[in-house]
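# Geometric and topological summary
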Amino acid sequence: MITFSHVSFGYGKEGAEIRNLNFHIDRGEFVAIIGENGAGKSTTSKLMNGLLKPDSGSVTVNGMDTKEVRVSQLAKHIGFLFQNPDRQLCQNTVREELRFGLRLVSNESEQMQAEKAEQMMARLSLDGDSDPFLLSRGERQRVALASVLVMEPEILILDEPTTGLDYRECIGIMDEVQRLNRDRQVTVVMVCHDMEIVLDYASRILVMAGGTLVADGPTREIFRNIPVMKRASIVPPQMIALASRLGDPFADVDHVDEMVSILKETQNKKNKEDS
């Protein structure tokens, strides 16, 4: 689905932003890219959809070399949600925003496009007559996401999708992304600074530091790799950090309910021993 082979890229005289990246993402995976500011996460995401072209090495998406195809061609397969929704909203109403992208990439009839737009607005609880630029930050993010999802991409790239959102807005967006990943096997690649969100939704993590890939593996395993976390200047999710400090029998705990369950079992066992 997505393959980076010895990929390096730099912004002019500033030197290489990323160096010798090698990884492959299969169809239907939910992958998070994490690392400190300046690690090269967003640059990597923009290389995936052709907004940036590698200086060396190759990026292939669905067998297409991003150096050899136009961004518009890749856009038929890839949906990209920017960190700032105002960078991709351009129409006067929510309804027009959703139909704008469909007109660019879809060969379906106008009636079918209109129906898809209405269905997506209903799914994300959006008012089609609203002016996107008069909505709250969270609502604008939902509109931007809807404008991407309505085109039914095979690959969805999210660049810090939860920035500026409250908890309810964040969970609403991420649950919809998870549903698409689970039900339609949409491949999701998410750049994210919120490690709790990464733990709850991503099954695999790519860890970047200083423009290089320093770790790649299952989410729970990566968060328990203390040397990798330190190298990438990442603080793991609170529950995993606490469980690691407590040791056995909490070593494999990821969430509060798991810890509560173990505490109850331990207390019940103690009560039986005392009685």
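The rules we used
Residues numbered from 1 in each chain as written. Predicted model: local features only at pLDDT ≥ 70, side-chain atom pairs only at ≥ 80, totals over all residues. Heavy atoms only, no water. 1 Å grid on protein atoms, 1.4 Å probe; cavity = no way out; pocket = protein on both sides within 12 Å on 5 of 7 lines; lining within 4 Å. Points joined across faces, edges and corners; volume = space filled by probe spheres on them. Nonpolar A, V, L, I, M, F, W, Y, C, P; charged D, E, K, R; others polar. Helix = DSSP H or I, 4+ residues; strand = E, 2+ residues; numbered from the N terminus. Axes fitted to C-alpha atoms, helices over the stretch in contact; angles between N-to-C directions. Parallel < 35°, antiparallel > 145°, perpendicular 65-115°, else oblique. Left-handed = near helix turned anticlockwise from the far one by under 90°. Contact = heavy atoms within 4.5 Å. pLDDT = per-residue confidence, 0-100.

Counted under the stated rule, the structure contains one cavity of 30 Å³ or more. Of the volumes computed, that of the largest cavity is approximately 30 Å³. If you go around the largest cavity, the residues you meet are Ala75, Lys76, Ile78, Gly79, Val148, Met151 and Pro153. Of the residues in the lining of the largest cavity, the class split is five nonpolar, one polar and one charged.

It is worth spelling out the layout of surface pockets at this point. Taken as a whole, the largest pocket encloses approximately 490 Å³ of empty space. What lines the largest pocket is a set of 21 residues, among which Ala75, Phe80, Gln88, Val148 and Met151 lie closest to the centre. Mapped onto the lining of the largest pocket, the elements with two or more residues apiece are helix H2 (71-74), strand E6 (78-81), helix H3 (94-105) and helix H5 (137-149). With five residues, H3 is the single largest residue contributor to the lining of the largest pocket. Taken together, the residues of the lining of the largest pocket sort by class into 13 nonpolar, six polar and two charged.

It is the contact of H5 with helix H6 (residues 167-184), at a shortest axis distance of 10 Å, that shows an interaxial angle of 10°. What the angle tells us is that H5 and H6 run roughly parallel. Regarding H5 and H6, the two cross each other, and that crossing is left-handed. Contacts from Gly138, Glu139, Gln141, Arg142, Leu145 and Leu149 in H5 reach Glu169, Ile173, Glu176, Val177 and Leu180 in H6. Of the residues that constitute the contact of H5 with H6, the class distribution is five nonpolar, two polar and four charged.

Here the focus is unusual backbone geometry. It is generally the case that most residues other than glycine have a negative phi and that most peptide bonds are trans. The amide bond that connects Asp248 to the next residue, Pro249, takes the cis arrangement and shows omega of 0°. On the secondary structure map, Pro249 appears in the loop between helix H10 (238-246) and helix H11 (256-274). With a phi angle near 55°, Asn62 is a residue other than glycine that sits in the positive phi range. One non-glycine residue, Ser233, adopts positive backbone phi at about 55°.

The next thing to look at is the confidence of the model for the protein chain. Any region with low pLDDT has predicted coordinates that should not be read closely. Averaged over all residues, the pLDDT of the protein chain equals 90, while 98% of them reach at least 70. Model confidence for the protein chain, summarised as mean pLDDT per element, is weakest for H11 at 82 and strongest for strand E3 (residues 30-34) at 98.

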